[in-house]
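# Examining the three-dimensional arrangement
The residues making up each chain are set out below.
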Amino acid sequence: AWALDHLASGLWMRGEHARSRQILRESLSIFRVMGHQWAIAASLSHLGSLALEDGDADEAASVLTESLALSRKMGAKQRISEILRDLGRLTWRRGDLEQARNILAESLALSREVGDRTGEGWALNLFGRLAQEQSDFAAARKLFEQAQALFDESGEPAAIAYNLDNLNRLASIENRQG
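The shown structure was predicted, so the numbers you read here are calculated from the model rather than taken from an experiment.

Criteria and thresholds
Residues numbered from 1 in each chain as written. Predicted model: local features only at pLDDT ≥ 70, side-chain atom pairs only at ≥ 80, totals over all residues. Heavy atoms only, no water. Core = buried A, V, L, I, M, F, W, Y, C linked by side-chain atoms within 4.5 Å. Buried < 20%, exposed > 50% of the residue type's maximum accessible area, 1.4 Å probe, protein only. Helix = DSSP H or I, 4+ residues; strand = E, 2+ residues; numbered from the N terminus. Contact = heavy atoms within 4.5 Å. Phe/Tyr/Trp six-rings, centres within 6.5 Å; stacked < 30°, edge-to-face > 60°. Lys NZ or Arg CZ within 6 Å of the ring centre and 35° of its normal. Expected span 1.5 Å × (residues − 1). Arc of directions from axis to C-beta.

Of all hydrophobic cores here, the largest spans 23 residues; its most connected members are Trp92, Leu124, Phe127 and Leu130. Counting residues per element, this core draws most heavily on helix 8 (residues 137–154), which supplies 7 residues. Discounting residues that sit within four places of it in the chain, tryptophan 92 has contacts with Leu97, Ala100, Leu126, Arg129, Leu130 and Glu133. Grouped together as the second largest cluster of nonpolar side chains are 14 residues, Phe31, Leu47, Val63 and Leu70 included.

The next point concerns the packing of aromatic side chains. In total, this model carries 4 aromatic pairs according to the counting rule given. Judged by centre distance (5.5 Å) and plane angle (50°), the ring pair of tryptophan 122 and tyrosine 162 falls under tilted. With tryptophan 122 in helix 7 (residues 117–133) and tyrosine 162 in helix 9 (residues 157–177), the pair connects residues that are 40 residues apart, well separated along the chain. Here tryptophan 122 falls in the partly exposed class, since its relative accessible area comes to 23%. Taking the relative accessible area as the measure of exposure, tyrosine 162 reaches 34% and is therefore partly exposed. Among the aromatic residues, those joined into a ring-pair cluster are Trp2, Phe31 and Trp38. When the ring centre of tryptophan 38 is taken as reference, the NZ or CZ atom of arginine 79 above it lies at 4.9 Å.

Right, let's talk about helix 7 for a bit. Spanning 17 residues, helix 7 covers 24 Å between terminal C-alpha atoms, matching the ideal 24 Å at 1.5 Å per step. Across the 17 residues of helix 7, 13 count as buried, placing the element largely inside the fold. One or two residues past the end of helix 7 sits serine 135, with phi positive at roughly 65°.

We now examine helix 1 (residues 2–13). The end-to-end C-alpha distance of helix 1, which contains 12 residues, comes to 17 Å, matching closely the 16 Å that a straight helix rising 1.5 Å per residue would cover. Of the residues making up helix 1, those classed as buried are Asp5, Ala8 and Leu11. Burial along helix 1 is one-sided: seen end-on, the buried residues are contained in an arc of 125°. Exposed positions of helix 1 whose direction lies more than 90 degrees from the buried face are Ala3, His6 and Met13.

Put into structure tokens, the structure is as follows:
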């Protein structure tokens, strides 16, 4: 089952999203038969992230909600924080910005509680994106800069690049508005 999970990750990175999600569902089925709760929660979370990236809001909501419930039951705070970030993004996409902020605030608090500096950076990045969407560019810049400091500390190249792209987009918007 773990081999299928890893295969799904590789396929997704190659752009084979549909096949990746299909294989993740197979892996999840095996973990369910085994009764391995931690692995079920992990597979559900992974599947939810991929569904969210693919724009499948209904599947994302379903599997992320199930994963969150299992993760809360197990007390897996870091995983809970990760799932909440995805649920926050989903809620934002569905137009409920206030609820998205509440969900992201819980994610941020949990990331800080468990010392997950990269997770803290991702939550701050999402808050920055929300601020930018609301045309609060000063707040967005501050949040992106805080996230960048955390990503620089962690040395995670994808996070660094993503956040720098957000800072560049913000600078472009600010320049256009004079």
